[in-house]
Amino acid sequence: MMTTVAFAEVQSPVGTLVPAVTEEGLVALGWGGMVVARERLGPGITEVRDPDRTAQVVAELEAYFAGELRAFETPVDWRLTSGSRRVVLQALHRVPYGSAVTYGELAARSGSAVPARGIGSIMGSNPIPIVVPCHRVIAGNGLGGFSGGEGVETKRWLLTHEGYLQPTLLDLF
């Protein structure tokens, strides 16, 4: 079966985001333009112009960044994940807005045998950041890492935006 993917670009406070939507749902979300999203999906896809297919995720991302949305309802296409990785990311998808879990807590919530260190690796390869909120996974002794946007500063911005972290004086200027 041929897979078709519709792309869009969303301007946000943390950079240009590119959602990629298949017939089943949001399959990838990334920074840096459509080239990055295409690389992640690999060969065997056909790009289609379908603004109707991307409309829901675009509207939800815009509402999220405007502070008007706390839970994404866009259907997710999990095809870029499998096994324990999928189980962990699906558990992460249920971590609510404005909260955070440690790598170890997410490992326990997922019911997988993945150790906390492995959770970090899964977060770094999450194909659908923000909607599957890897920014909500923190280290026991601080924020931990983040591979999207500008790295940890993007994670800090997202957690502050959601009210988990308090703004610093630098955020006010």
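Small disclaimer: the values here were computed from a predicted structure and weren't measured.

### Topic: the nonpolar core
Ranked by size, the top nonpolar core spans 41 residues in total, and within it L61, L92, L106, I119, M123 and I130 carry the most contacts. Taken together, the elements giving at least two residues each to this core come down to β3 (15–21), β4 (26–31), α2 (51–65), α3 (83–92), α4 (103–110) and α5 (116–124). Ranked by the residues each element gives to this core, the list is headed by α2, at 6 residues. Taken domain by domain, this core gets at least three of its residues from each of domain 1 (4–66) and domain 2 (83–162).

### Details of the pattern of salt bridges
Inspection of every chain in the model, using the stated rule, returns 5 salt bridges. As a salt-bridge pair, D50 and R53 come within 3.5 Å of each other at their nearest N and O atoms. Owing to a relative accessible area of 25%, D50 belongs among the partly exposed residues under this scheme. Judged by its relative accessible area of 21%, R53 falls in the partly exposed class. With its nearest N and O atoms 2.9 Å apart, the salt bridge here joins E162 to R136. Here R136 lies in the loop between α5 and β7 (137–138) and E162 lies in the segment after α6 (152–161), a separation of 26 residues in the sequence. Here E162 and R136 have matching classes, each one buried.

### A word on the packing of aromatic side chains
Taken as a whole and assessed by the stated rule, the structure comprises 5 aromatic pairs. Summarising the aromatic geometry, the rings of Y64 and F65 are spaced 5.0 Å apart at their centres and angled 80° between planes, so their arrangement reads as edge-to-face. This pair shows no difference in class: Y64 is buried, exactly as F65 is. Three or more aromatic residues joined by ring pairs form one cluster here, namely Y64, F65, F72, Y97 and W157.

### Topic: the domain arrangement of the protein
When cut into domains, the protein gives domain 1 (4–66) and domain 2 (83–162). Between the C-alpha centres of domain 1 and domain 2 there is a distance of 20 Å. At the junction of the two partners, domain 1 supplies 12 residues and domain 2 supplies 17 residues. Both faces considered, domain 1 and domain 2 share a buried interface measuring about 1200 Å² in area, 72% of it formed by carbon and sulfur atoms. The interface formed by domain 1 and domain 2 holds 0 salt bridges in total. Where domain 1 touches domain 2, the interface holds 3 residue pairs in polar contact (both at pLDDT 80 or more). Elements that contribute at least two residues to the side of domain 1 that touches domain 2 include exactly β4 and α2.

Analysis parameters
Residues numbered from 1 in each chain as written. Predicted model: local features only at pLDDT ≥ 70, side-chain atom pairs only at ≥ 80, totals over all residues. Heavy atoms only, no water. Core = buried A, V, L, I, M, F, W, Y, C linked by side-chain atoms within 4.5 Å. Buried < 20%, exposed > 50% of the residue type's maximum accessible area, 1.4 Å probe, protein only. Helix = DSSP H or I, 4+ residues; strand = E, 2+ residues; numbered from the N terminus. Domains from an automatic or database assignment. Salt bridge = Lys/Arg side-chain N within 4 Å of Asp/Glu carboxyl O. Phe/Tyr/Trp six-rings, centres within 6.5 Å; stacked < 30°, edge-to-face > 60°. Contact = heavy atoms within 4.5 Å. Buried area = accessible area lost by both parts, 1.4 Å probe. Polar contact = N/O pair within 3.5 Å; in protein donor to acceptor, adjacent residues only side chain to side chain.

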